[in-house]
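Reading the structure
Chain residues, written in single-letter form:
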Amino acid sequence: QVKLVESGGGSVQAGGSLNLSCAATGNIVRFCMAWFRQAPGREREFLGNIDPDKTAYYADSVKGRFTISRDYVKKTVSLQMDSLRPEDTAMYFCAARPRACWVNPSSFDYDYWGQGTQVTVSS
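Here we summarise the structure given alongside this text. (Residues numbered from 1 in each chain as written. Predicted model: local features only at pLDDT ≥ 70, side-chain atom pairs only at ≥ 80, totals over all residues. Heavy atoms only, no water.)

**Focus: the overall build of the chain**
Which entries qualify depends on this criterion: Under the DSSP-based scheme used, a helix requires at least four consecutive residues in state H or I and a strand at least two consecutive residues in state E, with every element numbered from the N terminus. To get the radius of gyration, use the C-alpha atoms; to get the globule rule, take the number of residues to the power 0.38 and multiply by 2.2 Å. Buried, partly exposed and exposed residues are distinguished by accessible area as a fraction of the type maximum, computed with a 1.4 Å probe on protein chains only: under 20%, between the cut-offs, and over 50%, respectively. In this analysis, two residues are considered to be in contact whenever any of their non-hydrogen atoms come within 4.5 Å of each other. What sets the accessible areas is the Shrake-Rupley method with a 1.4 Å probe; for residues, cover comes only from the shown protein chains. His residues and chain termini do not enter the charge count, which takes Lys and Arg as positive and Asp and Glu as negative. Charge coordinates come from a single atom per side chain, which is NZ of Lys, CZ of Arg, CG of Asp or CD of Glu.
Check the secondary structure of the chain and you find zero helices and 11 strands. Along the chain, helices (α) and strands (β) appear in the sequence β-β-β-β-β-β-β-β-β-β-β when read from the amino end. The globule rule puts the C-alpha radius of gyration for 123 residues at 14 Å, and the 13 Å found for the chain is close to it. Each of the three principal axes of the chain carries a C-alpha extent, and together these read 40 × 25 × 25 Å. Counting across all 123 residues of the chain, residues that qualify as buried make up 42%. In the chain, the proportion of contacts linking residues at least 24 apart, taken out of those at least 6 apart, comes to 57%. For the chain, the exposed surface amounts to about 6600 Å²; the carbon and sulfur share of it is 50%. Across the chain, the 14 positively charged side chains and the 12 negatively charged ones have centroids separated by 5 Å.

So this is what it looks like as structure tokens:
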């Protein structure tokens, strides 16, 4: 009943910026929304999340470079990425859980996932 679709991925040069969007169907007003990424051969990495009250938390790896926001009218969650590095290259996923965030860095804590959008950063 809740579906998530990511968009906005692409190829950029190091130092560039990219904005990803996660569009949701279903009622996610009370949901914690999160962003993860996964590169081939690596575990899925938590990037950050945002609570229903729009309080956001970020992993140390992206703090200061990435910004998460949500729009209740459009029912979207965005990930603004600045100062991109080649090591940021990965598939980026949005995820959701029908409760408060309370940090929750583990992928096991999220019930709904999008299909992902590819981000490639070249040097």
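Here the narrative resumes.
**Some points on the environment of V5**
Its location among the elements puts V5 in strand β1 (residues 3–7). Taking the C-alpha atoms as reference, V5 lies 5.4 Å from C22; in sequence the two are 17 residues apart. Residues within four places of V5 in sequence aside, it is in contact with S21, C22 and A23.

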